[in-house]
Amino acid sequence: MPATRGDLVFEDHFDGSSLDLSVWSPYYLPHWSSRTTSAASYTLDDSCITLSIPTGQGLWCEGDHKPDLRVSGIQSGNYAGPVGSTVGQQPYREGLVVQEEQEPFWGWTPYGGYVELSARAEISPRSMVSLWMVGLEDQPERCGEICVMEVFGDAIVPGGSTGVGMGLKQLRDPILPQDFEVVPLPIDLRDFHSYAVQWVPGEATFFVDGAAIRTCAGAPSYPMQLMLAVFDFPDRSLGDDAHLVPSFTVDHIRGWNIAEELVA
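Residues numbered from 1 in each chain as written. Predicted model: local features only at pLDDT ≥ 70, side-chain atom pairs only at ≥ 80, totals over all residues. Heavy atoms only, no water.

Engineer: Which parts of the structure should I look at to understand the environment of Pro30?
Structural biologist: As for its position among the elements, Pro30 is in the loop between strand S1 (8-12) and helix H1 (35-38). On a C-alpha basis, the gap between Pro30 and Ile187 in space is 33 Å, while along the polypeptide they are 157 residues apart. Excluding residues within four positions of it along the chain, Pro30 makes contact with Arg35, Ser38, Gln75, Asn78, Glu100 and Gln102. (Helix = DSSP H or I, 4+ residues; strand = E, 2+ residues; numbered from the N terminus. Contact = heavy atoms within 4.5 Å.)

Engineer: Sorry if this is basic, but what is going on with the side chain of Ser85 here?
Structural biologist: Tracing the backbone through its elements, the reader meets Ser85 in the loop between strand S5 (77-78) and strand S6 (105-106). The class of Ser85 is buried, set by a relative accessible area of 14%. Sequence-distant contacts of Ser85, defined by excluding residues within four places in its chain, comprise Leu96, Val97 and Val98. (Buried < 20%, exposed > 50% of the residue type's maximum accessible area, 1.4 Å probe, protein only.)

Engineer: How should the nonpolar core be read in this particular structure?
Structural biologist: Residues Leu117 and Phe248 are the most contacted members of the largest nonpolar core, which totals 47 residues. Trp32, Val71, Ala80 and Trp132 belong to the second largest nonpolar core, which has 18 residues in total. (Core = buried A, V, L, I, M, F, W, Y, C linked by side-chain atoms within 4.5 Å.)

Engineer: Just to check I follow, could you spell out the pattern of salt bridges for this structure?
Structural biologist: Between side chains of opposite charge, pairing is possible as soon as their charged atoms come close. Summed over the entire model, instances satisfying the criterion amount to 17 salt bridges. Across the salt bridge formed by Asp232 and Arg70, the nearest N and O atoms sit 3.1 Å from each other. With a gap of 162 residues between them, Asp232 in strand S15 (residues 224-232) and Arg70 in strand S4 (residues 70-75) connect regions that are remote in the sequence. Side by side, Asp232 and Arg70 carry an identical accessibility label, which is buried. Arg214 is the partner of Glu181 in a salt bridge, and the nearest nitrogen-oxygen pair spans 3.2 Å. Here the residue Glu181 occupies a position in strand S11 (residues 179-185), and Arg214 occupies one in strand S14 (residues 211-217), the gap between them amounting to 33 residues. Where salt bridges share partners, they join Arg5, Glu11, Glu116 and Arg254 into one cluster. (Salt bridge = Lys/Arg side-chain N within 4 Å of Asp/Glu carboxyl O.)

Engineer: It is not clear to me how the packing of aromatic side chains should be interpreted in this structure. Could you clarify?
Structural biologist: Each aromatic ring pair is described using two quantities: the centre-to-centre distance and the angle formed by the ring planes. Considering all chains together, one arrives at 13 aromatic pairs under this definition. When the centroid spacing of 6.0 Å and the interplanar angle of 20° are considered together, the rings of Tyr79 and Trp106 count as stacked. A residue pair is termed long-range when its members are at least 10 positions apart, and Tyr79 in the loop between S5 and S6 and Trp106 in strand S6 qualify at 27 residues. Residue classification places Tyr79 among the partly exposed residues on the basis of a relative accessible area of 23%. In this structure Trp106 comes out as partly exposed when scored by relative accessible area, which is 37%. Taking the centre distance of 6.1 Å and the plane angle of 25° together, the rings of Phe152 and Phe233 count as stacked. (Phe/Tyr/Trp six-rings, centres within 6.5 Å; stacked < 30°, edge-to-face > 60°.)

Engineer: Can you help me understand the sheet that holds S4 in this one?
Structural biologist: Each strand in a sheet pairs with another by means of backbone hydrogen bonds, the pair being arranged parallel or else antiparallel. One open sheet accounts for 6 strands, arranged S4-S15-S8-S9-S10-S11; its pairing is antiparallel. The outermost strands of the open sheet, each flanked by one partner alone, are S4 and S11. Strand-to-strand twist of the sheet, defined as the mean angle between neighbouring strand axes without regard to direction, takes the value 15°. Pairing analysis gives 7 bridges linking strand S10 (residues 162-169) to S11, with the strands arranged antiparallel. Along S11, the bridge assignment pairs Gly165 with Val182. (Pairing = 2+ DSSP bridges. Axes fitted to C-alpha atoms, helices over the stretch in contact; angles between N-to-C directions.)

Here it is in structure tokens:
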């Protein structure tokens, strides 16, 4: 099934001298920790953004989040309540409370359409990269996820295939189906590839390099923000790998609105 696009409504080639802070927040869910401890490590060069995790970067939510993880991510929105509140996007356990108050931030928060990422990555079996979209959680039930791509390093067969995860994740949305699958594809993650979703309320179709891979019924019908990150899980270490620096290099992100024929 070919992709169907409307008008181009968003485009970031990361070709400026600094990140566009009207669109992106360079902190990973900072309300559960702080801006200081959730700040992304990234560079802008050659019309690309490269997210990375240097060897000296600390743990995110150290001592509380299990398993241990380190992360560099940017996101196009953020919403949480006051300090001590349990209101916040993507809590990782019951009873989690806001540690640092954040101003509500809405950069680019699409409501349907076609979203495309062009990216490459260097990861090991202890790391992963992902582009996912989550509800704003301005209402508690608006919390589901559309995962455009998710790759763990241990899902890569050198010279063979890469397991690309894609689909819907229910999280705490009472009506969103859980429909997520890791699909082995004959691609090398170290090369640039395009990953995309065609999303209309009630359906999401996922593409890699322009080819439709799978379709999920029951897609969310509320606005979502983009989350783009590289992760490192020290507990997945195989021994002599602490010196490795996982990275996620993005050439562009583009968004089109819903084509008229898909709305009719």
